[in-house]
Amino acid sequence: MTDSKYFTTTKKGEIFELKAELNSDKKEKKKEAVKKVIASMTVGKDVSALFPDVVNCMQTDNLELKKLVYLYLMNYAKSQPDMAIMAVNTFVKDCEDPNPLIRALAVRTMGCIRVDKITEYLCEPLRKCLKDEDPYVRKTAAVCVAKLHDINAQLVEDQGFLDTLKDLISDSNPMVVANAVAALSEIAESHPSSNLLDLNPQSINKLLTALNECTEWGQIFILDCLANYTPKDDREAQSICERVTPRLSHANSAVVLSAVKVLMKFMEMLSKDLDYYGTLLKKLAPPLVTLLSAEPELQYVALRNINLIVQKRPEILKHEMKVFFVKYNDPIYVKLEKLDIMIRLASQANIAQVLAELKEYATEVDVDFVRKAVRAIGRCAIKVEQSAERCVSTLLDLIQTKVNYVVQEAIVVIKDIFRKYPNKYESVIATLCENLDSLDEPEARAAMIWIVGEYAERIDNADELLESFLEGFHDESTQVQLQLLTAIVKLFLKKPTETQELVQQVLSLATQDSDNPDLRDRGYIYWRLLSTDPVAAKEVVLAEKPLISEETDLIEPTLLDELICYIGTLASVYHKPPSAFVEGGRGVVHKSLPPRTASSESTESPETAPAGAPSGEQPDVIPTQGDLLGDLLNLDLGPPVSGPPLATSSVQMGAVDLLGGGLDSLIGGPNFVAPPATTVPANLGASMGSGLSDLFDLTSGVGTLSGSYVAPKAVWLPAMKAKGLEISGTFTRQVGSISMDLQLTNKALQVMTDFAIQFNRNSFGLAPAAPLQVHAPLSPNQTVEISLPLNTVGSVMKMEPLNNLQVAVKNNIDVFYFSTLYPLHILFVEDGKMDRQMFLATWKDIPNENEAQFQIRDCPLNAEAVSSRLQSSNIFTVAKRNVEGQDMLYQSLKLTNGIWVLAELRIQPGNPSFTDLELSLKCRAPEVSQHVYQAYETILKN
């Protein structure tokens, strides 16, 4: 008979009866009673009153009964901690039972009882089980350590369990190794700073040996651990790849994706010239294709991961286009994802196949899918130039079907094709104009109006067409109204005599009868332009437009590299880093792909700024929505951090995102509360003379009052780009405080108020330490100087170049974006002097490949002056000696995020007034060396 009978009784007085049965002398009766108790507990009845009676049943040899009692214990120990201590003796006894199953059961239950009082009693049994002769007990004990660490981390560390776990990585049994790795990874995730999984070539070798004999979940743990390792060179990377490759043929899709993640990461280190690189590319395709024969939900996960892989390395699947063709019974979410990948893989070689498929999809019944298919045809035309003509004729065929939503989507994409290939396909405009009446969606109407305005000189009745839209002007959406206004102004500039009335009508509708500020502003601008300077109006409105780019929806490269490290996890399905959706950010570490080795081609590595580039020079940033400046709009616009800076010594590049928040803080929305202004100690302000608001005394009395070198102010945001607001500025560091010294000039005709400032995430976490305070409204032609204190506790994200800072400034007119490069010496801290022994040991310890050599020519200073000048910018001379008539300075400096940079400066006397310097820099983060060199050059030559 089945156990379902235990769930059917609902008698009253049951607890009393169960109590009597639990204390019965008959074993069978006891077992029946415990089963009834577990059944009641499962359906939600409170049977905690029976705790002592159930615990008494623990003293038994029957494994089934023991399991049931342990199940009860796990459930009620938290609510009855005092009673649970009664069970401790039995645990200790069971951990020494001759039966390994009972020993493992005891240790597993111990890990699940989350009661502080009991944990210390469980340490001794757990220590024995970790060294048990039976591997089944050892593997269970390994997981128990992770559970115990979650309850009481200090206890686990004091008892030395972490060291025992590390020893288990060398265990002879692969399952024990896998569980030890899983436990250490779990603990390391909640304590990112602890270096628990100290991976080295020897331990990696042990993991790879265990990999072949583990269960599938054990293999996943080991592969995920391997993915966190960075091989020392390309040979080691290749060796690991060769041993991981067999996992690609595993039946479990999670194992396959974990193996793909390891290979994708380590391929970064392999040279593309290697034969093995080509072999690996070929081996990666079949397992990914196989994943697409699973059930739809798995297919979707696989497709989201493949989408990332194709963006990083399209060559892996370039010959596998057919597997992404849509099947009639695919769910819509799979269809749309396949369509996206098809476009990413489209090339001259397969475009004919792709277009034939897309044309077929455009006749489907699912409206969303058809729309996406029509858009896809347009994207193919933009991506593969040779196919543009064929795509346009396909779109014209679809327009002839007269299916409303197909026609509208086709017109939207044809507008983009005109932008990409001007003066090439305008012959189709007549066909488009025939379908004018059928357009009812704002996007399609706006696209058609743009086409009519842009090519008004080729359309005889352009004025009539635009006039027909003007009749219901106030009922149109904003998008259509704005487009219509621009199109009529274009038409007027091309045919001024015939359309004077029309342009006056639209300008009057836009400026006098509309309550939309965007529309009014644009109307007034056009009105003023046309009335004051028609020639300038023509140059502005009819200016040549830049061609649109091929792939506008690609993931930003640094984010893509991070997501590749998360293949096979939720992050790869959301296409967002874990910090974006894991609450609290506990244990979320930013990952990145390993740097390419010297043997790999240098073109792949991000370019560093050219040597000797002046620090005030503007990086060329075009603020498009897809750009990182767009990131300012949708991500970390939190309020400025006001409070003592966190200890930043452990914050390396790519550390945890420290700031959250919304746009409210910048725009001054309903939830925006300005942080309180921080008062400046009177004596400090006086001593500094400049009245600089030193918010946080970072130096604790260290540092020189002379301050580091300050570059002259440069124009960061010209008035032309910011509606009359001109921003100039520079960065300073004095007495341990970093400031951004700004000069705001109002070159507009209206008063400016409500200033606020926000920084995008950046390499060193620079953020405003206080609000931007402009005490009085900024009148036209007025200039104000402000010193904005900064700290380094903002969100961290590695930028390109490293010292790039993207800034949003808001006032009552708009939000403006600009980008500037800050000189790295503002981040050199006052306690950056290393003692000699430490310097020597650290120099030897940093690998030679991290050493970078630079030359500084024609420096007008001798050794003494060089040392003194650099010390004022917190570059400290540790030792000095003279070798064969050349002065050698050994120097150290420390960045705000705890990175040390060591320098050897060789001073070669040149002509009497100038010397040449040879600079060798060593650092554990070699990417900063170029910028440190630029700081040296800037300080010494100015």
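Residues numbered from 1 in each chain as written. Predicted model: local features only at pLDDT ≥ 70, side-chain atom pairs only at ≥ 80, totals over all residues. Heavy atoms only, no water.

Per an unreviewed UniProt entry, the protein goes by AP complex subunit beta and derives from Felis catus. Entered under Sequence similarities (unreviewed entry) in the UniProt record, the comment concerning the protein runs "Belongs to the adaptor complexes large subunit family." Reading the Subcellular location (unreviewed entry) entry of the UniProt record for the protein gives the comment "Endomembrane system". (UniProt positions renumbered as here; feature names shortened; annotations may be inferred.)

1. Description of the layout of surface pockets
One way to see where empty space is left: roll a probe the size of a water molecule over the atoms. Its boundaries defined by the atoms lining it, the second largest pocket holds a volume of some 1,100 Å³. Taken together, 22 residues form the lining of the second largest pocket, with Asp521, Ile525, Arg528, Lys723 and Ile813 sitting closest to its centre. At 8 residues, helix H30 (residues 517-532) tops the list of elements feeding residues into the lining of the second largest pocket. Within the lining of the second largest pocket, the residues separate by chemical class into 10 nonpolar, 4 polar and 8 charged. (1 Å grid on protein atoms, 1.4 Å probe; cavity = no way out; pocket = protein on both sides within 12 Å on 5 of 7 lines; lining within 4 Å. Points joined across faces, edges and corners; volume = space filled by probe spheres on them. Helix = DSSP H or I, 4+ residues; strand = E, 2+ residues; numbered from the N terminus. Nonpolar A, V, L, I, M, F, W, Y, C, P; charged D, E, K, R; others polar.)

2. Here we look at the sheet that holds strand E4 (residues 756-759)
Sheet strands pair by backbone hydrogen bonding; their relative direction is either parallel or antiparallel. Spatial ordering of the open sheet is given by E4-E7-E8, a layout of 3 strands whose pairing is antiparallel. Of all strands in the sheet, those bounded by a partner on one side alone are E4 and strand E8 (815-821). Along the sheet, successive strands turn relative to each other by an average axial angle of 25°, direction set aside. Note: strand E7 (residues 804-810) against E8, 7 bridges, orientation antiparallel. (Pairing = 2+ DSSP bridges. Axes fitted to C-alpha atoms, helices over the stretch in contact; angles between N-to-C directions.)

3. Re the environment of Pro286
Inspection of the secondary structure assignment puts Pro286 in helix H18 (residues 275-291). Expressed as a C-alpha distance, the spacing of Pro286 and Ser249, which sit 37 residues apart in the sequence, is 8.7 Å.

4. Looking at the packing of aromatic side chains
The final tally for this structure, using the stated rule, is 11 aromatic pairs. Judged by centre distance (4.8 Å) and plane angle (80°), the rings of Tyr574 and Phe581 are edge-to-face. Ring-pair connections join several aromatic residues into one group, and the members of that group are Trp716, Phe731, Phe818 and Tyr822. Just above the ring of Phe369 sits the side chain of Lys335; from NZ or CZ to the centre is 5.2 Å. (Phe/Tyr/Trp six-rings, centres within 6.5 Å; stacked < 30°, edge-to-face > 60°. Lys NZ or Arg CZ within 6 Å of the ring centre and 35° of its normal.)

5. Observations regarding the nonpolar core
With 211 residues, the main nonpolar core has Tyr72, Leu126, Val244 and Phe418 as its most contacted residues. Residues contacting Phe418, with those up to four places away along its chain left out, are Tyr425, Glu426, Val428, Ile429, Leu432, Trp450, Ile451 and Tyr455. Counting residues in each nonpolar core, the second largest holds 65 residues, with Ile727, Phe816, Cys923 and Ala925 among its members. (Core = buried A, V, L, I, M, F, W, Y, C linked by side-chain atoms within 4.5 Å. Buried < 20%, exposed > 50% of the residue type's maximum accessible area, 1.4 Å probe, protein only. Contact = heavy atoms within 4.5 Å.)

6. Re the pairing of strand E2 (residues 725-734)
Where burial is concerned, most of E2 is hidden: 10 out of the 10 residues are buried. Neither face of E2 is exposed, since Leu725, Ile727, Gly729, Phe731 and Arg733 on one face and Glu726, Ser728, Thr730, Thr732 and Gln734 on the opposite face are all buried. Two strands pair when backbone bridges link them, and strand E1 (residues 714-717) and E2 are joined in this way by 3 bridges, in the antiparallel orientation. Counterpart to Leu717 in the pairing with E2 is Ile727. In this sheet, strand E3 (residues 737-746) lies alongside E2 in antiparallel orientation, the contact comprising 10 bridges. The residue of E3 that forms the bridge with Leu725 is Asn746. With antiparallel pairing between neighbouring strands as the criterion, E2 and E3 make up a hairpin whose turn holds 2 residues, including Val735 at a positive phi of roughly 45°.

7. Observations regarding the pattern of salt bridges
Scanning the entire structure with this criterion turns up 35 salt bridges. Across the pair Arg371 and Glu441 runs a salt bridge whose closest N-O atoms are separated by 2.5 Å. Here Glu441 lies in the loop between helix H25 (429-434) and helix H26 (442-454) and Arg371 lies in helix H22 (residues 367-383), a separation of 70 residues in the sequence. Residue classification places Glu441 among the partly exposed positions, given a relative accessible area of 22%. (Salt bridge = Lys/Arg side-chain N within 4 Å of Asp/Glu carboxyl O.)

8. Quick notes on the side chain of Asp53
With respect to the helices and strands, Asp53 occurs in helix H3 (residues 51-56). Not counting chain neighbours up to four residues away, the residues in contact with Asp53 comprise Lys19, Leu22 and Asn23.

9. Thoughts on the confidence of the model for the protein
Residues with a pLDDT of 70 or more make up 85% of the protein, whose mean pLDDT is 79. Within the model, the stretch residues 598-706 combines pLDDT values under 50 with 207 contacts to residues more than four positions away or in other chains. (pLDDT = per-residue confidence, 0-100.)

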